[in-house]
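Letter by letter, the chains look like this.
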Amino acid sequence: MTINAPAKPPGAPPARARRTPGIEASRARTAIILLLPTLIAIALVAGFPLYRTIFFSAQEANLTTPDQSVFVGLQNFWFTTAEGIGLGFMQDPQWWTAVRNTLIFTVFSVFLETVFGMIIALVVNSAFAGRSFLRTAMLIPWAIPTVVSAQMWAYMYNDSFGLIGQGLLGGQALLADSSTAIWAMIAVDVWKTTSFMALLILAGLQSLPGDMYEAADMDGASKWTQFWRMTLPLLRPALLVALVFRSLDALRVFDIMYVMLGANVAASTSMTGYARQQLIDNQLLGTGSAVSVAIFIIIMAIVVIYVTAFRVKFD
Amino acid sequence: MNLKRTNPGLFYLQRTLFYLLVIVIAVYLLFPFAWAVLTSFRRAADLFLPPLQFIAAPTTIDNYTQVLNNPSFRRGLLFSTIVAVGAVAVSLLFGSFAAYALGRFRFRGKQFIMYIILAVSVFPQIAVLGGLFTLITRFGLFDNPIGLMVSYLIFTIPFTVWVLTSFVRDIPGELEEAALVDGASPLQTLFRVLFPVMMPALVTTGLLAFINAWNEYLFALTFMSTNRTVPVVIANYSGASQFDQPWGPIMAASIVVTIPLIALVLIFQRNIVSGLTAGAVKG
């Protein structure tokens with residue numbers, strides 16, 4: 001019997017009262033059927049490719065001839081030849097530079113975004129003339145495609161006519177020097193995503209009960225105390241989930257570095273840039289996959305740390 | 001208000017500082033884009049002028065005519081549209097089935113499936129890049145918009161499923177039960193009863209997924225060689241010589257691509273915020 005054509009004997013009670021185990025089971029079957037397209041699509045575009053990546057991470061393989069791969073175990077990660085040459089990607093200093101830069105990028109951009117986002121959200125949450133204008137303005141950096149904002153900032157950083165590169169810094173090539181480039185990247189990312197953070201914090205702020213603040217005002221608590229003792233603790237759950245997602249986005253950053261710095265510098269500025277260079281530019285399917293697996297493990301480890309340390313709930 | 005009477009000096013100082021902060025925030029958020037718009041209306045020779053003279057320099061729409069006549073940019077717009085619309089259409093269809101099942105049905109393994117979908121939405125795209133590349137080339141889909149479209153499902157499907165599920169949960173159950181009593185099949189219930197109610201949610205989710213797909217860069221760069229999408233075209237926009245960056249046309253192209261998105265976002269402002277919070281905070 002399916003739910004589509006319930007055989008109703010005459011005088012049977014309405015369907016709602018008849019939630020028998022049979023109906024439950026058939027509803028469960030319907031649910032699975034409804035989920036099938038999604039599950040198949042996810043298996044096809046995420047599951048199977050991920051399996052392939054893990055498989056190739058233990059193979060020596062070329063991108064153009066993936067079928068002629070040879071099992072090499074963990075040699076893509078770590079392998080020293082008889083002459084003492086380290087061939088595993090973990091022996092490549094460029095990889096570790098990329099890891100360090102990605103971590104710097106993540107920590108600073110997410111921190112600055114949270115602070116700025118909090119300030120903007122608090123300002124927009126208070127009543128003043130021009131509030132709705134600022135609320136609208138907030139959406140603009142977020143709506144601009146990443147590649148476009150990368151180009152806009154690359155133009156401003158330009159050392160011969162950029163407003164920042166030429167105007168503020170008098171012709172310093174910010175992007176050419178890797179020690180300054182990482183901070184230039186952080187500035188772009190903070191500009192682009194602060195408004196996203198601010199929107200999420202604003203949504204959290206607006207769900208806080210107003211009478212609580214009235215009571216606090218009555219008791220003579222200063223705005224400062226109210227912020228630290230009430231607003232921040234109550235915002236914690238929303239803030240943490242936003243932090244997790246922003247951190248994960250920052251860890252897999254690719255676009256702005258690749259567009260603004262070019263493939264080679266991007267490879268030592270972001271883990272993803274390094275992986276793509278190995279995989280696509282160098283055609284090293286095995287090494288590139290091994291790097292991808294490493295990034296996957298790093299990101300999943302950070303998720304687990306976040307979720308267990310802060311008891312983030314997603315439901 | 002009290003402060004205004006007891007200490008007007010401090011009150012007006014606070015007001016002034018607050019509005020100063022508002023102005024700083026507004027300039028910070030809007031200036032880079034405004035500067036790009038201005039640049040898109042300036043001639044190449046005027047780019048070297050100091051800022052004040054640059055602002056006063058004559059306005060031209062040459063950059064825009066050049067960009068719109070550029071065949072690779074026009075092809076980019078076409079391919080971006082095909083790929084993004086396709087990915088969003090498939091995701092909304094599959095996603096609403098899944099959201100209906102996850103939001104309305106009780107069954108074993110539901111929690112597990114929800115965690116799988118959440119895990120995919122935080123997936124680093126790079127983790128599947130190599131695997132997808134070999135699959136796409138094997139099926140002869142390299143440089144084919146269909147291959148790119150299918151690969152975009154990796155982020156559009158989890159996103160639509162999560163956001164739509166939270167919307168489906170908020171729909172009162174009586175609607176669906178009434179349909180059930182009338183003997184409607186689950187698909188009929190979904191299409192006839194829930195879809196009309198879910199319309200605003202579908203529009204919002206579709207729009208957000210569309211923006212994500214429209215902006216995607218890593219897959220577009222890797223899986224297409226001649227049929228480039230707009231972000232890749234803009235990133236690679238080059239002038240007559242390799243060392244000459246044509247900033248005017250690049251900015252014009254950027255504005256052409258951005259204005260529709262900004263317009264959509266401003267029109268659907270309220271929905272966007274609710275969709276974003278549903279999508280980001282809940283997954």
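In the nomenclature of an unreviewed UniProt entry, chain B corresponds to Carbohydrate ABC transporter permease from the organism Deinococcus radiopugnans ATCC 19172. Heading Sequence similarities (unreviewed entry) of the UniProt record for chain B holds this comment: "Belongs to the binding-protein-dependent transport system permease family." Taken from UniProt, the Subcellular location (unreviewed entry) comment for chain B reads in full: "Cell membrane".

The name given to chain A in an unreviewed UniProt entry is Sugar ABC transporter permease, and the organism recorded there is Deinococcus radiopugnans ATCC 19172. In its Sequence similarities (unreviewed entry) section, the UniProt entry covering chain A states "Belongs to the binding-protein-dependent transport system permease family." Here is the UniProt Subcellular location (unreviewed entry) comment for chain A, exactly as written: "Cell membrane".

Trainee: Can you tell me about the UniProt feature "domain: ABC transmembrane type-1" (unreviewed entry) in chain A, naming the residues and giving the values?
Mentor: Mapped onto the present numbering, the UniProt feature "domain: ABC transmembrane type-1" (unreviewed entry) falls at residues 99-308 of chain A. Secondary structure content for residues 99-308 of chain A is 82% helix and 0% strand, and the end C-alpha separation is 23 Å.

Trainee: Account for helix H11 (residues 285-310) of chain A, naming residues and giving values.
Mentor: Over its 26 residues, H11 of chain A extends 37 Å from the first C-alpha to the last, a length consistent with the 38 Å expected when each residue adds 1.5 Å. In the stretch just after H11 of chain A, Arg311 of chain A is the one whose phi turns positive, near 50°.

Trainee: Hey, could you go over the nonpolar core for me, with residue numbers and the actual values?
Mentor: One finds Met260 of chain A together with Phe219 of chain B to be the most contacted residues of the largest nonpolar core, which totals 192 residues. If one sorts the elements of this core by residue count, helix H6 (residues 178-206) of chain A sits on top with 16 residues. When residues of this core are assigned to domains, at least three map to each of domain 1 (3-61) and domain 2 (70-281) of chain B. Apart from residues lying up to four places away in sequence, Met260 of chain A is in contact with Ala150, Trp153, Ala154, Tyr157, Leu175, Met185 and Val188 of chain A.

Trainee: Give me helix H6 (residues 110-121) of chain B: which residues, what numbers.
Mentor: Spacing of three or four residues puts side chains on the same side of an α-helix, whose turn is 3.6 residues. All names here are of chain B. In this model H6 runs 17 Å from its N-terminal to its C-terminal C-alpha over 12 residues, within 8% of the 16 Å that 1.5 Å per residue would give. Where H6 is concerned, the buried positions are Lys110, Ile113, Met114, Ile117, Leu118, Val120 and Ser121. Down the axis of H6, the buried set is contained in an arc of 160°. They therefore lie on one face.

Trainee: Break down the interface of chain A and chain B for me, citing the residues and quoting the values.
Mentor: In this complex, chain A contributes 91 residues to the contact, which on the side of chain B involves 98 residues. When the two sides are added together, the surface that chain A and chain B hide from each other amounts to roughly 8700 Å², 76% of it contributed by carbon and sulfur. Applying the counting criterion to the chain A and chain B interface returns 2 salt bridges. The shortest N-O distance in the salt bridge between Arg27 of chain A and Glu176 of chain B comes to 3.4 Å.

Trainee: Tell me what's going on with the domain arrangement of chain B, and back it up with residues and numbers.
Mentor: Residues and elements named next belong to chain B. For chain B, the domain assignment lists domain 1 (3-61) and domain 2 (70-281). Averaged C-alpha coordinates put domain 1 and domain 2 at centres separated by 35 Å. Residue-level contacts link 6 residues of domain 1 with 8 residues of domain 2. Here domain 1 meets domain 2 over a buried area of about 520 Å², counting both sides, of which 89% is carbon and sulfur. Ranking the residues of domain 1 by area buried against domain 2 places Phe33, Ala36 and Ser40 at the top, with a combined share of 65%. Linking domain 1 to domain 2 there are 0 salt bridges. Between the two partners, domain 1 and domain 2, sit 0 residue pairs in polar contact (both at pLDDT 80 or more). Across the side of domain 1 that touches domain 2, the residue classes break down as 4 nonpolar, 2 polar and no charged.

Trainee: Requested: an account of empty space enclosed by the protein, with residues and values cited.
Mentor: Gaps between atoms show up when a probe of the same size as a water molecule is rolled over them. Counted under the stated rule, the structure contains 6 cavities of 30 Å³ or more. Here the largest cavity is characterised by a volume of approximately 1200 Å³. Looking at the largest cavity, it is lined by 38 residues, and the ones nearest its centre are Thr146, Arg246, Asp249 and Arg252 of chain A together with Asn212 of chain B. The biggest single contributor to the lining of the largest cavity is helix H8 (residues 223-251) of chain A, with 5 residues. The class makeup of the residues in the lining of the largest cavity is 22 nonpolar, 9 polar and 7 charged.

Trainee: Please give an account of the UniProt feature "transmembrane region" (unreviewed entry) in chain B that cites residues and values.
Mentor: UniProt records the feature "transmembrane region" (unreviewed entry) at residues 16-38, 77-100, 112-136, 148-168, 189-214 and 247-268 of chain B, using the numbering of this structure. For residues 16-38 of chain B, helix accounts for 100% and strand for 0%, while the C-alpha atoms at its two ends are 30 Å apart.

Trainee: Quick rundown of the layout of surface pockets? Include the residues and the values.
Mentor: What the largest pocket holds in volume is close to 1800 Å³. Those elements that place two or more of their residues in the lining of the largest pocket are helix H2 (93-125), H6, helix H7 (210-218), H8 and H11 of chain A together with helix H1 (2-6) and helix H2 (8-40) of chain B. Among the elements that line the lining of the largest pocket, the one with the most residues is H2 of chain A, at 12 residues. Within the lining of the largest pocket, the residues separate by chemical class into 29 nonpolar, 11 polar and 4 charged. Space inside the second largest pocket adds up to approximately 720 Å³. In terms of lining, the second largest pocket is formed by 27 residues, of which the most central are Val259, Met260 and Gly262 of chain A together with Gln245 and Trp247 of chain B. Of all the elements in the fold, those that place two or more residues in the lining of the second largest pocket are helix H4 (146-157) and helix H9 (255-267) of chain A together with helix H12 (230-236) of chain B.

Trainee: Report on the confidence of the model for chain B, specifying residues and quantitative values.
Mentor: Residues and elements named next belong to chain B. Summarising the model, chain B shows a mean pLDDT of 88, and 95% of its residues fall at 70 or more. Per-element averaging of pLDDT across chain B places helix H14 (residues 269-281) at the bottom with 72 and helix H11 (residues 218-223) at the top with 95. Interface confidence for the predicted complex, given as ipTM, is 0.89, next to a pTM of 0.89.

Thresholds applied
- Residues numbered from 1 in each chain as written.
- Chains lettered and ligands numbered in written order.
- Predicted model: local features only at pLDDT ≥ 70, side-chain atom pairs only at ≥ 80, totals over all residues.
- Heavy atoms only, no water.
- UniProt positions renumbered as here; feature names shortened; annotations may be inferred.
- Helix = DSSP H or I, 4+ residues; strand = E, 2+ residues; numbered from the N terminus.
- Expected span 1.5 Å × (residues − 1).
- Core = buried A, V, L, I, M, F, W, Y, C linked by side-chain atoms within 4.5 Å.
- Buried < 20%, exposed > 50% of the residue type's maximum accessible area, 1.4 Å probe, protein only.
- Domains from an automatic or database assignment.
- Contact = heavy atoms within 4.5 Å.
- Arc of directions from axis to C-beta.
- Buried area = accessible area lost by both parts, 1.4 Å probe.
- Salt bridge = Lys/Arg side-chain N within 4 Å of Asp/Glu carboxyl O.
- Polar contact = N/O pair within 3.5 Å; in protein donor to acceptor, adjacent residues only side chain to side chain.
- Nonpolar A, V, L, I, M, F, W, Y, C, P; charged D, E, K, R; others polar.
- 1 Å grid on protein atoms, 1.4 Å probe; cavity = no way out; pocket = protein on both sides within 12 Å on 5 of 7 lines; lining within 4 Å.
- Points joined across faces, edges and corners; volume = space filled by probe spheres on them.
- pLDDT = per-residue confidence, 0-100.

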